[in-house]
Amino acid sequence: MKFQKMRSLAAFVLTAVLLLQMFPVMVSAEAPTVADPEITSVSVDPTTVKSGNSVGVKLRFHHDDDTINDAKSAMIKVSSPNGAIRVKKNEFPATEFSSTEAEDASGFGGLYYSLNIPENYLTYSGSGPGVLQFTITYYKDDNASKGQEIETKNKISIRKTLIPGEGSADNTVRVDENSSTPTIISGTSATVGIPLISGDTLEDAQIEVKLPAEPKILLTSAGSVYTMSFVSGEKKYLNLPLRVDSSVAAGIYPITLTINGKEVTAYIQVLDSDQGKGSVRIDSYKLDRSTIYSGSTFRMDLVLKNTGSQTYHNINAALDGLATESFTVVGSLDRKSVSSLAPGATVTVSFNMQAASKMETGNYAVGVNLTSDEVTEPVATKVFVSVVGTGDSSGGKPIIIIDNYSFGGTSITGGKTFPLSLRFRNANTSTAIQNLKITITSTADEDTGGVFTPANSSNTFFISKLGAGASVDKSIELYPKADAKPKSYGIDVKFEYESAADTKHEQITATETISIPLTQPDRFEVTNAEVQGPIQMGMDGQLSISYVNKGKSTVYNLSVLLEGNFTAPETNIYIGNVESGSSDSYDTTLTPTEEGTLQGKATITYEDPNGETREIIKEFSCEVQPAMPVDQGGMGPDVSEPMPEQSSGTPIWIWVLILAVVAGGAAAAVLVRRKRAAKRRALLEQEDDYDDVQPQTPELQDGQHKNEDQP
């Protein structure tokens, strides 16, 4: 029988192979690589654009590639890779295709089509060049985005500089804040990569590296100037060969990069040997604004990571070295706690801080001590904060700063309008400001052209005069995109003003960037928690807990605690993070400890996108029946005892059927034996009556034997 099944399976596989060979069209081929399109004409209205102006754009595209020649429509996604243009609507359909241009009767082949973006959808918000990127998806049907997509191996896109701008694109290179801080172990040499992103395409950018003077962190290369080229929006690493002296304490140290004349601060993290082997450490940190002025408040986010192989509990991050003449913590304690952190997991702790008003320009260290239940000695490290001093009493140019700001909580929710309140202060104590214009725009990043738009109000404030050392409060309603990814987004606050002491009315400009964390509603659900039963004593039951994350944010550190009158392989289970849209279940076995009813409770805990711990409790129960009795030989059930209604979860009718089959088999065996005995007796009687008669039997062939029942 087993051989026949294997032979059938082999026949099935052979048939499937033959069918695949007969129908090669069913084998999917790799999507082709498509050539880039080109923009044959472009017009911008108005032709002269200043910061804050809305613009309209008309473009003509030509795409010559055989792969897309049968396209009937396209969807064009518009973004601003360097953030200089704020895009309110980012998708536009194109349906009017032609294979020749009207002005050229011969034509060049390929597809020609136009894109018209009305003025109210684009706003020039930066002093740099206004660049748009167009990402194109083609369809075989007339209805763009809903028809059959023409698949390509590469992303079809093209960039175009529409507005020359007042500044240089060289100033758009920045350190990627979403990447981990590069690390090196104290007393070793290694190459560390500084993650950089450029908002525009750069050729042969000159990068000069300046390391901190005090700790012994040295470049091992012959020179300190590097040359790099960037594509707009591309992340690249500046690889620095470094040597760190063993005397350098653990900490995060600043590195000054001068990129085409503009200074950018990057950071490297020095670990001691114990941290290098694995522990809880600071993976990276960032500040909520690009410039910290003396006297201003700011938020510092520390990202803690478990680099070891065990779970750490009751982790404390305590700030060290705070003083009234440097940094202080505002509105909270100088320490934050985390209940547990699994191997490889990260968590962010935040501190609201203030820089003293008399601090001078420079880099200032903030100590951080990390402890946990598993670590007896605190792990000390440092982070550095760059401060720009504003203690100018010489009557020079005044400096306007954001003294503080709030947005109604610790984070905002996508798709819900929120109030942004800001306090602006003239940091100069002797010179007034006049004709102050403040413009608020959403910062573009590598994913979007900005997620915030004003809600029923202008994004510009005008203040005729702001006295020396004076401050003013302003607020604006902003609407974040409903489908924005959960993370921190920037808001650019641009200042244009004049010094009241300047008779020439020279225009002074400055820009500050603040950061606002965006989350999506928590929609994590436990859809089922039940145990299969009844369960017989001495047997195991199966518990299944199903869950789904319907929200747009990841939930973190999911764990399950089981309690009840049972035993289980594990009662405190760590599951980990659950991505948006993911669903799964946790299954385990339960062994009841008493007859009657198994009563249990599952406590499901996790951290929402705001870092707050959430708890869901699910109760479950099932019947527990007595153990199945056995006979004296221990080989099976004692039929003299009453049969339980069910045993080990098996319905009683199955037991009845088994007993009926056994009884029927025994009766059949008795009947066969009786028939054979009767036949033998009849033959013996016949032999007694006819001893002289020989039985007439056929001649047996060689190799055959008489049956024992045959006369």
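Keep in mind it's a predicted model, so treat the numbers as computed, not measured.

The subject of this paragraph is the overall build of the protein chain. In terms of regular secondary structure, the protein chain is built from three helices and 44 strands. When the accessible area of the protein chain is evaluated, it comes to approximately 38300 Å², of which 49% is carbon and sulfur surface.

Inspection of the secondary structure puts S157 in strand 8 (residues 157–163). By relative accessible area, which is 19% here, S157 ends up buried. Excluding anything up to four places from it in sequence, S157 contacts D36, P37, Q133, F134 and T135.

Pairing is mixed in the open sheet, where five strands are placed in the order 19-26-25-21-23. Both outer strands of the open sheet, strand 19 (292–293) and strand 23 (335–341), are each paired with one neighbouring strand and no more. With six bridges connecting them, strand 21 (residues 312–320) and strand 23 associate as antiparallel partners. Across the sheet, residue I315 finds its bridge partner in strand 23, namely V338.

A word on the pattern of salt bridges. Applying the stated rule across the entire model yields eight salt bridges. The partner of R299 in a salt bridge is D301, with the nearest N and O atoms 3.0 Å apart. Judged by its relative accessible area of 12%, R299 is buried. Look at D301 and you get buried, because its relative accessible area is 6%.

What follows covers the packing of aromatic side chains. The full count for this structure, using the stated rule, is 17 aromatic pairs. When the centroid spacing of 5.9 Å and the interplanar angle of 65° are considered together, the rings of F92 and Y121 count as edge-to-face. Of this pair, F92 sits in strand 5 (residues 91–94) while Y121 is found in strand 6 (residues 111–124), placing the two residues 29 residues apart along the sequence. Look at Y121 and you get partly exposed, because its relative accessible area is 24%. Taking 6.5 Å as the distance between ring centres and 70° as the angle between the ring planes, the aromatic pair formed by F97 and Y138 counts as edge-to-face. With F97 in the loop between strand 5 and strand 6 and Y138 in strand 7 (residues 130–139), the pair connects residues that are 41 residues apart, well separated along the chain. A cation sits over an aromatic face here: K336 above F351, 5.9 Å from the ring centre.

Pairing within the open sheet is antiparallel, and its four strands lie in the order 18-20-24-22. The open sheet is flanked by strand 18 (280–287) and strand 22 (327–329), the only strands paired with a single partner. Neighbour to neighbour, the strand axes of the sheet diverge by 40° on average, direction disregarded. Sheet analysis places strand 20 (residues 297–306) next to strand 24 (residues 346–355), joined by nine bridges and oriented antiparallel. Pairing of V303 across the sheet is with T348, part of strand 24.

This part is about the confidence of the model for the protein chain. Looking at the protein chain, the pLDDT average stands at 78 and 78% of residues meet or exceed 70. Counted against residues more than four places away or in other chains, residues 1–6, with its pLDDT under 50, gives zero contacts. pLDDT under 50 marks residues 16–28. Its contacts with residues more than four places away, or in other chains, come to zero contacts.

Glycine aside, a negative phi is what most residues show, and trans is what most peptide bonds show. Note the cis peptide between D45 and P46, where omega equals 5°. Checked against the element boundaries, P46 lands in the loop between strand 1 (38–45) and strand 2 (54–63). The omega torsion across G533 and P534 is 0°, close enough to zero to call that bond cis. Secondary-structure assignment places P534 in the loop between strand 36 (524–531) and strand 37 (535–536). Even without being glycine, N435 reaches a positive phi, approximately 50°. With respect to the secondary-structure elements, N435 resides in strand 30 (residues 433–442).

Time to look at the nonpolar core. In terms of nonpolar packing, the biggest core is built from 64 residues, with L196, L238, L257, M300, L302 and L304 touching the most fellow members. Beyond its immediate chain neighbours, meaning those up to four positions away, M300 contacts Y285, K286, L287, L319, V349, S350, F351, M353, V366, V383 and V385. Membership of the second largest hydrophobic core comes to 33 residues, among which are V49, A74, F134 and Y138.

Side chains of K77, K155, R159 and K485 sit close together on the surface and give a patch of like positive charge. Looking at where K77 falls in the secondary structure, it is placed in strand 3 (residues 73–79). Residue K77 is classed as partly exposed on the basis of its relative accessible area, which comes to 41%.

Before going further, it helps to examine the pairing of strand 24. The two faces of strand 24 differ: V347, V349, F351, M353 and A355 on one face are buried, but T346, T348, S350, N352 and Q354 on the other face are not. The pairing of strand 22 with strand 24 spans three bridges and is antiparallel. Looking at strand 24, one finds that V329 is bridged to M353.

Conventions used here
Residues numbered from 1 in each chain as written. Predicted model: local features only at pLDDT ≥ 70, side-chain atom pairs only at ≥ 80, totals over all residues. Heavy atoms only, no water. Helix = DSSP H or I, 4+ residues; strand = E, 2+ residues; numbered from the N terminus. Areas by Shrake-Rupley, 256 points an atom, 1.4 Å probe, with all protein chains shown as cover. Buried < 20%, exposed > 50% of the residue type's maximum accessible area, 1.4 Å probe, protein only. Contact = heavy atoms within 4.5 Å. Pairing = 2+ DSSP bridges. Salt bridge = Lys/Arg side-chain N within 4 Å of Asp/Glu carboxyl O. Phe/Tyr/Trp six-rings, centres within 6.5 Å; stacked < 30°, edge-to-face > 60°. Lys NZ or Arg CZ within 6 Å of the ring centre and 35° of its normal. Axes fitted to C-alpha atoms, helices over the stretch in contact; angles between N-to-C directions. pLDDT = per-residue confidence, 0-100. Core = buried A, V, L, I, M, F, W, Y, C linked by side-chain atoms within 4.5 Å. Patch = residues over 30% accessible without salt bridge, like charges linked within 9 Å, V, L, I, M, F, W, Y side chains within 5 Å. Lys, Arg positive; Asp, Glu negative; His and termini not counted. Charge placed at Lys NZ, Arg CZ, Asp CG, Glu CD.

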